[in-house]
Amino acid sequence: MFLFPFIVVKMKKVTFLTLASLLLIFLFFALFSSIYAEQTVGFKEGDWMEYDVVVTGTGSLPPTHDVRWMRMEVLSVDGDAFSVDMIVRFVNGTIGSSVWEYNFTEGNTGGWTIIPANLGFGDTFFDSYFEPYVVPIRGEEQREVLGAVRTVTYGNDSIRHHKEWDKATGFFIGSVEVAQNFTNSNGWYIENLTMTIQATGTNMWTQQFFGLDQFVFVLFVLVLVLVVVGLISGLIIWKKKFANSNSVGLKPKLVLMYGKKMLYVFIVCVLLFSLGILCKQLLFDNF
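Source: prediction; values computed, not measured. (Residues numbered from 1 in each chain as written. Predicted model: local features only at pLDDT ≥ 70, side-chain atom pairs only at ≥ 80, totals over all residues. Heavy atoms only, no water.)

1. Description of the overall build of the chain
(1) Moving on: Per the secondary structure count, the chain includes four helices and 13 strands.
(2) Moving on: With 287 residues in all, the chain has 37% of them scored as buried.
(3) Moving on: For the chain, the proportion of contacts with a sequence separation of at least 24, taken over those separated by at least 6, is 50%.
(4) Moving on: Carbon together with sulfur atoms contributes 64% to the accessible area of the chain, which is approximately 16400 Å² in total. (Helix = DSSP H or I, 4+ residues; strand = E, 2+ residues; numbered from the N terminus. Buried < 20%, exposed > 50% of the residue type's maximum accessible area, 1.4 Å probe, protein only. Contact = heavy atoms within 4.5 Å. Areas by Shrake-Rupley, 256 points an atom, 1.4 Å probe, with all protein chains shown as cover.)

2. Structural notes on the nonpolar core
(1) Moving on: Counting residues in each nonpolar core, the largest one holds 39 residues, and the members touching the most others are Tyr51, Met70, Met72, Ile114 and Phe171.
(2) Moving on: If you list the elements that add at least two residues to this core, you get strand E1 (48–58), strand E2 (67–78), strand E3 (81–90), strand E8 (148–155), strand E10 (172–183) and strand E11 (189–202).
(3) Moving on: In this structure, Met72 is in contact with Asp47, Trp48, Met49, Tyr51, Val84, Asp85, Met86, Tyr102, Thr113, Ile114, Phe171 and Phe172, ignoring residues within four places of it in sequence. (Core = buried A, V, L, I, M, F, W, Y, C linked by side-chain atoms within 4.5 Å.)

3. Details of the environment of Gln180
(1) Moving on: By the secondary structure assignment, Gln180 is in strand E10.
(2) Moving on: Beyond its immediate chain neighbours, meaning those up to four positions away, Gln180 contacts Ile190, Glu191 and Asn192.
(3) Moving on: Within the local environment of Gln180, its side chain forms a polar contact with the side chain of Asn192, the two groups lying 3.3 Å apart. (Polar contact = N/O pair within 3.5 Å; in protein donor to acceptor, adjacent residues only side chain to side chain.)

4. Comments concerning the packing of aromatic side chains
(1) Moving on: Across all of its chains, the model carries nine aromatic pairs by this definition.
(2) Moving on: Between Phe43 and Phe82, the aromatic rings sit 4.9 Å apart at their centres with planes inclined by 80 degrees, giving edge-to-face as the arrangement. Here Phe43, found in the loop between helix H2 (13–36) and E1, pairs with Phe82, found in strand E3; they are 39 residues apart in sequence, far enough to count as distant. The exposure classification of Phe43 matches that of Phe82, with both residues buried.
(3) Moving on: Among the aromatic residues, ring-to-ring pairing joins Phe43, Phe82, Trp100, Tyr102, Phe104 and Phe171 into one connected group.
(4) Moving on: Its end group placed over the ring of Phe172, Lys163 keeps NZ or CZ at 4.7 Å from the ring centre. (Phe/Tyr/Trp six-rings, centres within 6.5 Å; stacked < 30°, edge-to-face > 60°. Lys NZ or Arg CZ within 6 Å of the ring centre and 35° of its normal.)

5. Concerning the confidence of the model for the chain
(1) Moving on: Of the residues in the chain, 56% have a pLDDT of 70 or more, and the chain-wide mean is 77.
(2) Moving on: Residue range residues 1–9 is modelled with pLDDT below 50. Its contacts to residues more than four positions away, or to other chains, number 14 contacts.
(3) Moving on: Contacts from residues 32–38, a stretch scored under 50 in pLDDT, to residues over four places away or in other chains number six contacts. (pLDDT = per-residue confidence, 0-100.)

6. Structural notes on the pairing of strand E4 (residues 95–103)
(1) Moving on: As defined by bridge partners, E3 adjoins E4 across nine bridges and the pair is classed as antiparallel. Its bridge partner being in E4, Asp85 is matched across the sheet by Val99.
(2) Moving on: Here E3 folds back onto E4, and the loop between the two strands holds four residues, one of which, Gly93, carries a positive phi near 95 degrees. (Pairing = 2+ DSSP bridges.)

7. So, the side chain of Ser175
(1) Moving on: Structurally, the position occupied by Ser175 is in strand E10.
(2) Moving on: Leaving out residues up to four positions away in the same chain, Ser175 has contacts with His162, Lys163, Met195, Thr196 and Ile197.

8. Structural notes on the pairing of E2
(1) Moving on: Sheet analysis places E1 next to E2, joined by five bridges and oriented antiparallel. Within E2, the residue paired with Met49 across the bridge is Met72.
(2) Moving on: The sheet contact formed by E2 and E3 spans ten bridges and is antiparallel. By the bridge assignment for E3, Arg71 is matched with Ile87.
(3) Moving on: Counted between consecutive antiparallel strands, the loop separating E2 from E3 contains two residues, among which Gly79 sits at a positive phi close to 65 degrees.

9. Let's talk about the side chain of Thr153
(1) Moving on: Following the sequence through the fold, Thr153 ends up in strand E8.
(2) Moving on: Judged by relative accessible area, Thr153 falls into the buried class, the value being 1%.
(3) Moving on: Not counting residues within four places of it along the chain, the set of residues in contact with Thr153 comprises Leu119, Ile137, Gly139, Glu140, Lys163, Glu164, Trp165 and Lys167.

10. Regarding unusual backbone geometry
(1) Moving on: Positive phi, close to 70 degrees, is recorded for Trp112, a residue that is not glycine.
(2) Moving on: Relative to the helices and strands, Trp112 is located in the loop between E4 and strand E5 (124–127).
(3) Moving on: A relative accessible area of 0% means that Trp112 is categorised as buried.

Here's what the structure looks like:
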């Protein structure tokens, strides 16, 4: 890999610059097209998110709902339909698991636990649980979530007093639900309880460094090292030839020649960096 820039500089200037420009245009077009493409489902099989659950107030939840931890893991995705393994740990320490079936077209959002991806302020999604109606996104903001800056959206109704989603994936990342003087369908009475759920971990994004995704940060460091090594090597070679040159007219030519070579090395490094970003986007972030 480290020899690649020095092989490239042997190419004819016009050929190299033409190919480099075309490749760079293609890379960034493909990259930004993939980033901003609207996707209803913003995740893939194997993606997961974990949550802590805190219950406060008077009374108690039904034993079937008295949960203190939960994990949602995507089992399969088929268009707008997908299945999720819902794993929970109850207050007594026992573990339960069930498969939830979602379908955005039919309005099955699992109590708003996962909604269509890329919905912004003013957009709506279809929920058919209680009755067919559309739910509006009431706002969005940028903030740090699980080590990375994410766009967070939120909404509410009479039951879900506040629910937040990660915009890019549609997974909910936190909620506050209040039940007062409420009797469920099985006759269990809830006096006054508040359930607060907060995301604690996920594999759908990684921790950021200086505002950059972990993969991008490492790639940037590697490319930066490549640029530094290339420049230092070029300067050492140039210095030797420049010092050994007795011709006054030859010295400006050497400066121009090695300046062009360093420019080629820089362009190649930019292309490698762009290619790495694109490969990550296409292989790991697109679904």
